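Structure assessment
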Amino acid sequence: MTEGLREELVALDKRHVWHPYTPMDRYLAETDPLVVASAEGAWLTDVDGRRYLDANSAWWVASLGHRHPALVAALRAQLDTLAHCALAGITHEPAARLAAELCAVAPAGLQRVFFSDDGSTALEVAIKLCGQFHAQNGAPRRTRFVALDGAFHGETLGATSLGGVSAFTRVFGPWTFDVLRVPHAGDGTSWERCLDAARALFRAHGDDVAALVVEPMVQGAAGMRMQPPWFLRGLCEAARHAGAFVVADEVFTGLYRTGARWACDLAGVVPDVLCLAKALSGATVPFAATLATERLFDGFRGADDRAFFYGHTYCGNPLGAAVARAALRAYADEDVAGQVARKAPRIAAAFARMAELPGVGNARALGMIGAVDLGAGGYLARRGWRVSEAARARGIYLRPLGDTVYVTPPLNIPDGELTVLLDGVEDSLREALRS
Ligand SMILES: *Cc1c(COP(=O)(O)O)cnc(C)c1O
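This report concerns the structure included in the present document. Please read all numbers here as calculations on a predicted model, not as lab measurements. (Residues numbered from 1 in each chain as written. Predicted model: local features only at pLDDT ≥ 70, side-chain atom pairs only at ≥ 80, totals over all residues. Heavy atoms only, no water.)

Some thoughts on the packing of aromatic side chains
Enumeration over the complete set of coordinates arrives at 14 aromatic pairs. Relative to F168, the ring of F152 lies with its centre 5.4 Å away and its plane at 70°, an arrangement referred to as edge-to-face. Here the residue F152 occupies a position in the loop between strand 5 (144–148) and helix 7 (157–162), and F168 occupies one in helix 8 (residues 166–169), the gap between them amounting to 16 residues. Grouping residues by exposure puts F152 and F168 together as buried. An angle of 70° between the planes, with centres 5.6 Å apart, marks the rings of F300 and F308 as edge-to-face. Here F300 falls in the buried class, since its relative accessible area comes to 12%. Within the aromatic cluster, the residues linked to one another by ring pairs are Y21, W59, F152 and F168. When the ring centre of F297 is taken as origin, the NZ or CZ atom of R112, which lies over that ring, is 3.7 Å away. (Phe/Tyr/Trp six-rings, centres within 6.5 Å; stacked < 30°, edge-to-face > 60°. Helix = DSSP H or I, 4+ residues; strand = E, 2+ residues; numbered from the N terminus. Buried < 20%, exposed > 50% of the residue type's maximum accessible area, 1.4 Å probe, protein only. Lys NZ or Arg CZ within 6 Å of the ring centre and 35° of its normal.)

What about helix 4 (residues 69–79)?
Buried within helix 4 we find L71, V72, A74 and Q78. One side of helix 4 holds all its buried residues, which, seen down the axis, span an arc of 160°. Residues P69 and R76 are exposed on helix 4 and point more than 90 degrees away from its buried face. Looking at the packing, one finds that the buried side of helix 4 touches helix 5 (93–105) and helix 13 (318–333). (Arc of directions from axis to C-beta. Contact = heavy atoms within 4.5 Å.)

Observations concerning the packing of helix 14 (residues 336–354) against helix 16 (residues 415–434)
Packing of helix 14 against helix 16 brings their axes to within 10 Å, and their N-to-C directions diverge by 15°. Between helix 14 and helix 16, the angle falls in the class roughly parallel. Between helix 14 and helix 16 lies a crossing whose hand is right-handed. Across the interface between the two elements, K343, R346, I347, A350, F351, R353 and M354 of helix 14 pack against D415, L418, T419, L422, D423, V425, E426 and L429 of helix 16. Classifying every residue of the contact of helix 14 with helix 16 gives eight nonpolar, one polar and six charged. (Axes fitted to C-alpha atoms, helices over the stretch in contact; angles between N-to-C directions. Parallel < 35°, antiparallel > 145°, perpendicular 65-115°, else oblique. Left-handed = near helix turned anticlockwise from the far one by under 90°. Nonpolar A, V, L, I, M, F, W, Y, C, P; charged D, E, K, R; others polar.)

So, the nonpolar core
Counting 102 residues, the largest nonpolar core has F202, M224, L235, Y331, L398 and L421 as the members making the most contacts within it. If you count residues domain by domain, this core takes at least three from each of domain 1 (34–64 + 335–434) and domain 2 (69–333). Here L235 is in contact with L148, V182, L195, A198, F202, L212 and V214, once residues within four sequence places are set aside. Among the nonpolar cores identified, the runner-up in size contains 28 residues, and L162, V213, A288 and F308 belong to it. (Core = buried A, V, L, I, M, F, W, Y, C linked by side-chain atoms within 4.5 Å. Domains from an automatic or database assignment.)

A word on the site of the ligand
Every residue lining the ligand is accounted for by W60, D118, G119, S120, F152, H153, G154, E215, D249, V251, F252 and K278. Within the contact set of the ligand, an oxygen atom lies 2.6 Å away from a side-chain nitrogen or oxygen of S120. A distance of 2.7 Å separates an oxygen atom of the ligand from a polar atom in the side chain of K278. Calculation on the ligand without its partners gives an accessible area of 380 Å², and the protein chains cover 83% of this total. For the shell around the ligand, a count of residues per class yields four nonpolar, four polar and four charged. (Near = heavy atom within 4 Å. Polar contact = N/O pair within 3.5 Å; in protein donor to acceptor, adjacent residues only side chain to side chain. Areas by Shrake-Rupley, 256 points an atom, 1.4 Å probe, with all protein chains shown as cover.)

With respect to the packing of helix 9 (residues 191–205) against helix 10 (residues 229–241)
Where helix 9 meets helix 10, the closest approach of the two axes is 9 Å, and the angle between their N-to-C directions is 5°. Relative to helix 10, the element helix 9 lies roughly parallel. Here W191, E192, C194, L195, A198, R199 and F202 of helix 9 come into contact with helix 10, specifically with W230, F231, G234, L235, A238 and A239. The residue inventory of the contact of helix 9 with helix 10, partitioned by class, reads 10 nonpolar, one polar and two charged.

Quick word on the sheet that holds strand 6 (residues 180–182)
Here we have seven strands laid out as an open sheet, ordered 4-12-11-10-7-5-6, and mixed in their pairing. In this open sheet, the two strands that pair with only one neighbour each are strand 4 (110–116) and strand 6. Direction aside, neighbouring strands of the sheet carry axes that sit 20° apart on average. Where strand 11 (residues 273–276) and strand 12 (residues 288–293) come together, four bridges link them in antiparallel fashion. Bridge pairing links C275 to T290 in strand 12. Relative to strand 6, helix 9 is tilted by about 155°, and along the sheet it contacts strand 5, strand 6 and strand 7 (209–214). (Pairing = 2+ DSSP bridges.)

Topic: the sheet that holds strand 1 (residues 36–40)
In spatial order, the strands read 1-2-3-15; together these four strands make up an open sheet with mixed pairing. The strands lining the two open edges of the sheet, one partner per strand, are strand 1 and strand 15 (396–397). By the bridge criterion, two bridges tie strand 3 (residues 51–54) to strand 15 in an arrangement that is parallel. Within strand 15, the position partnered with L53 by the bridge is I396.

Brief notes about a nonpolar patch on the surface
Taken together, the side chains of L157, V171, F172 and W175 present a nonpolar region at the surface, about 410 Å² in accessible area. Inspection of the secondary structure puts V171 in the loop between helix 8 and strand 6. Note on V171: relative accessible area 45%, which makes it partly exposed. (Patch = residues over 30% accessible without salt bridge, like charges linked within 9 Å, V, L, I, M, F, W, Y side chains within 5 Å. Salt bridge = Lys/Arg side-chain N within 4 Å of Asp/Glu carboxyl O.)

Here you go:
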């Protein structure tokens with residue numbers, strides 16, 4: 001029976017679903033997709049009842065595991081009273097309370113919350129906030145943005161403009177704006193030189209810059225590329241010194257993924273704008289928030305035409321807000337920070353061991369992120385996919401970033417399951433390297 005269901009769903013999918021980030025010819029010809037029926041904790045279960053450990057937390061959102069009981073309960077309870085209403089000049093309890101609760105745990109000075117739908121919109125909000133602020137507060141020249149080589153800030157056109165991963169930006173050049181680019185250390189470039197380049201860039205163009213936008217500590221989509229904290233601190237100081245805002249895109253890193261509540265904390269950086277999504281609503285409904293300082297907020301007061309005429313239909317959705325409140329409570333009540341502190345060294349050790357295998361290198365880890373590279377082929381390289389296939393046969397769902405094999409498991413994954421995951425990834429690497 002279930003075999004029939006699987007075949008039916010795959011046939012419908014292959015007839016009609018256009019998959020994100022997927023070469024569809026290859027998918028239609030070669031891919032035997034996982035058909036997921038349910039999920040709980042760190043596990044996905046397919047329509048045939050086979051279980052897979054979710055090594056990437058459903059694209060970095062299931063930080064508290066799938067269907068965390070407190071989140072599910074909050075969603076159910078909210079559904080019984082208010083599923084949605086608009087947020088333009090009216091309000092509701094989940095949005096009002098969540099905004100206050102977010103500000104209470106946010107980096108110092110972030111006291112205003114603008115809600116939207118997902119990571120990309122959280123970044124669009126940040127771009128427009130910073131741009132409009134300068135336009136109407138005496139610095140109309142400040143129209144430019146600074147971002148890092150290899151940055152990923154989402155897929156809407158503003159966010160795409162900030163992006164520095166060519167696979168995601170290449171074709172969209174005609175419709176995106178030009179960004180000042182800071183190099184990211186790699187082969188041949190040291191972090192010292194990158195910071196020098198950033199300082200030189202701000203010296204040359206500082207008066208034209210609206211904001212620096214940065215993924216603090218870790219560039220996720222670029223392949224889990226990590227920065228030393230002193231580089232991040234120096235970069236943000238250079239931006240501030242030039243009079244630019246600092247926008248921290250913590251859509252991936254926020255809420256303990258890196259071990260700290262905010263990755264910015266690891267570098268002692270206090271941003272002017274903080275973008276949150278992904279783990280904020282814990283793998284339930286799309287939800288995002290952009291936090292800003294009182295200074296930014298004040299720049300929109302006064303005459304009516306100084307207002308921020310911007311919004312998304314579902315912004316502040318009560319279901320998302322209620323779940324996010326439950327998630328913030330769970331992070332605190334379940335000592336997620338302590339859990340990460342205990343498990344992170346195991347991830348780091350496992351990936352360091354994997355990097356000893358021939359053909360594997362560049363081990364790196366931070367909090368509940370571990371990664372190695374199988375080459376330097378970038379996002380379109382295929383080596384990682386061989387590891388992914390070997391992992392699937394072992395009951396692990398592992399999606400690579402090109403040649404980068406990484407894990408970002410739920411932060412609260414039980415110790416035993418983390419062992420199964422790390423051993424399974426290592427075995428999968430060995431097998432893929434043999435073939
Ligand atoms: C995923 C991601 C985004 C985009 O979020 P979406 O919800 O996919 O729009 C933006 N910034 C970073 C750092 C991300 O990892």
